[in-house]
Amino acid sequence: MDSNPLITAYPDIAATAFGKKGRIIASIVICLELYLVATGFLILEGDNLHKLSPNFALKLRNLALDGRHSFVIVAGAMIFPSTWLSDLGILSYISFGGVISSIIIVVAVFLVGTTKEVGFHGKGILVSFKGLPTALSLYTFCYSAHAVFPTIYNSMRKKSQFPKVLLLSFITCTITYVSMAILGYLMYGHNIQSQVTLNLPKEKISSKVAIYTILAGPIAKYALTIMPISTAIESCLPEYYQENKPISILIKMLLLISTVILAVLFPSFESVISLTGALLIVLDSFLLPCVCYLKIFKIYRHFGYELAGILELILLAILAGAVGTYSAIAHSIKEA
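Residues numbered from 1 in each chain as written. Predicted model: local features only at pLDDT ≥ 70, side-chain atom pairs only at ≥ 80, totals over all residues. Heavy atoms only, no water.

(A) Summary view of the overall build of the protein chain. Secondary structure assignment for the protein chain yields 12 helices and zero strands. Each helix and strand of the protein chain, placed in order from N terminus to C terminus, yields the pattern α-α-α-α-α-α-α-α-α-α-α-α. Each of the 336 residues in the protein chain was classed as buried or not, and the buried ones make up 42%. Taking as baseline every contact in the protein chain between residues at least 6 positions apart, the subset at least 24 positions apart corresponds to 76%. (Helix = DSSP H or I, 4+ residues; strand = E, 2+ residues; numbered from the N terminus. Buried < 20%, exposed > 50% of the residue type's maximum accessible area, 1.4 Å probe, protein only. Contact = heavy atoms within 4.5 Å.)

Listed below in structure tokens is the structure:
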């Protein structure tokens, strides 16, 4: 991105490789991915609010209201103030709070496991090939920040430190994910739910810390996630409206309302996340960069180790994406 100031986002890279059609396809894929990620945040928030306030959920049911749906709406209201922020510098500090919260959750879950009531006695099949497609989709989702890399890069004061930021981010994420996976398996085995906080006994102080902290995550990350979508929509408006702050806030508010509606209609966190990982993240984190790289640098003209490695990655991505998408859709239909 340093060599060409006109390339500031993935759609720009796709446009360089394939013209206007490439830009449109890349923009649609990235916006859909971020849109579903934002929806997943709301489902996560609603599920944990529901677990934290069972008495309030019971009152809602007595009023003929669905507790989980109502909590998703409450989650949307909690997140709404953060969408007013437009300064990426401020959002980066808020997002850093999301990183800290992830570490706190891992520690809190570990402390729950050290109690006599829970312990590390979970039983289950360590490797289940039946659940492999869903697992691959979820793992893919865990490394899905590629769509916002250009936005983060362009907001940095010291852009030369971007490679170090990426390396530290991926190392931190990997340690966190692996730790949580091991803890969840050792504590609950095959009874683990799509969100480990839903397994935790809520009367424990460490459980409450984990749940309250996970509630802070979507609030910290939602605004940064929908920022590229809002920017893409604003760029399609007449020039007069593109720098209009009320219009920008209105767009973000409509995005929030629509994701709340989608989270209410499709409340399965596992299904939404696995479908996002299998279909959209495979496209913009594996296929799109590889294909654009081949086209821009014309690697396809000379067969060698580099071309063979890229083609192998493309084939694996297509296979994993197809199997994972089929599995996610089948699971959603089964739950419905």
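Having seen the structure, we can now continue with the description.
(B) The arrangement of helix 11 (residues 269-296) in detail. Compared with the 40 Å implied by 1.5 Å per residue over 28 residues, the 37 Å span of helix 11 between its first and last C-alpha is a close match. At Ile281, helix 11 shows its strongest bend, of approximately 50 degrees. Following helix 11 by one or two positions, Lys298 has its phi on the positive side, about 55 degrees. (Expected span 1.5 Å × (residues − 1). Bend = angle between axes of the 7 residues up to and from the residue.)

(C) Region of interest: the nonpolar core. Leu42, Val109, Met187, Tyr188, Leu200 and Tyr222 are the most contacted members of the largest nonpolar core, which totals 52 residues. Going through the elements one at a time, helix 1 (10-52), helix 3 (67-79), helix 4 (88-113), helix 7 (162-188), helix 8 (205-235), helix 10 (245-265) and helix 11 are the ones with two or more residues in this core. Considering every element that reaches this core, the biggest residue donor is helix 1, with 16 residues. Once residues lying within four places of it in the same chain are set aside, the contact partners of Leu200 are Lys51, Val109, Val112, Met187, Tyr188, Ser207 and Ala210. Core analysis: the second largest hydrophobic core is formed by nine residues, Cys290, Leu294, Ile314 and Ala317 among them. (Core = buried A, V, L, I, M, F, W, Y, C linked by side-chain atoms within 4.5 Å.)

(D) Seen up close, the packing of aromatic side chains. Enumeration according to the criterion identifies five aromatic pairs in this entry. Arranged with centres 5.2 Å apart and planes meeting at 80 degrees, the rings of Tyr153 and Phe162 form a pair that is edge-to-face. Accessibility classification places Tyr153 together with Phe162 in one group, the buried group. Grouped by ring-pair contacts, the aromatic residues Tyr143, Phe170 and Tyr177 constitute a single cluster. Its guanidinium or amino end placed over the ring of Tyr153, Lys159 lies 6.0 Å from that ring's centre, counting from NZ or CZ. (Phe/Tyr/Trp six-rings, centres within 6.5 Å; stacked < 30°, edge-to-face > 60°. Lys NZ or Arg CZ within 6 Å of the ring centre and 35° of its normal.)

(E) Looking closely at the packing of helix 1 against helix 11. One can describe the packing of helix 1 onto helix 11 by two numbers: an axis separation of 9 Å at closest approach and a directional angle of 160 degrees. Compared by their axis directions, helix 1 and helix 11 come out roughly antiparallel. Here helix 1 runs over helix 11; the crossing is left-handed. (Axes fitted to C-alpha atoms, helices over the stretch in contact; angles between N-to-C directions. Parallel < 35°, antiparallel > 145°, perpendicular 65-115°, else oblique. Left-handed = near helix turned anticlockwise from the far one by under 90°.)

(F) A look at the UniProt feature "transmembrane region" (unreviewed entry) in the protein chain. The feature "transmembrane region" (unreviewed entry), as annotated in UniProt, sits at residues 24-44, 90-113, 165-189, 209-229, 249-266, 272-296 and 308-329 in this numbering. With 100% helix and 0% strand, residues 24-44 has end C-alpha atoms that lie 30 Å from one another. In residues 249-266, helix accounts for 94% and strand for 0%; the two terminal C-alpha atoms are 26 Å from one another. (UniProt positions renumbered as here; feature names shortened; annotations may be inferred.)

(G) Inspection of the environment of Tyr222 at higher detail. Within the element layout of this structure, Tyr222 appears in helix 8. Note on Tyr222: relative accessible area 0%, which makes it buried. Sequence separation between Tyr222 and Leu42 is 180 residues; the distance between their C-alpha atoms is 8.8 Å. Among residues more than four places away in sequence, those in contact with Tyr222 are Ala38, Phe41, Leu42, Ile79, Thr83, Leu255, Leu256 and Thr259.

(H) Focus on unusual backbone geometry. The phi dihedral of Lys298 falls on the positive side, at around 55 degrees, and the residue is not glycine. With respect to the element layout, Lys298 can be found in the loop between helix 11 and helix 12 (305-335). Among the residues examined, Lys298 registers a relative accessible area of 33% and is labelled partly exposed.

(I) Local environment of the environment of Thr140. Within the fold, Thr140 resides in helix 5 (residues 132-142). When the C-alpha atoms of Thr140 and Phe286 are compared, they prove to be 9.9 Å apart, with 146 residues separating the residues in sequence. When sequence neighbours within four positions are dropped, the list of residues in contact with Thr140 reads Gly277, Ile281, Val282 and Phe286.

(J) Examining the pattern of salt bridges more closely. The tally for this structure, following the rule as stated, stands at two salt bridges. Among the ionic pairs, Asp12 bridges to Arg23, the shortest N-O distance being 2.7 Å. Residue Asp12 is classed as buried on the basis of its relative accessible area of 12%. Classification of Arg23 by relative accessible area gives partly exposed; the value is 36%. For the salt bridge of Glu117 with Lys204, the shortest nitrogen-to-oxygen distance reads 3.0 Å. Remark: Lys204 occurs in the loop between helix 7 and helix 8 and Glu117 occurs in the loop between helix 4 and helix 5; sequence separation between them is 87 residues. Among the residues examined, Glu117 registers a relative accessible area of 59% and is labelled exposed. Owing to a relative accessible area of 19%, Lys204 belongs among the buried residues under this scheme. (Salt bridge = Lys/Arg side-chain N within 4 Å of Asp/Glu carboxyl O.)

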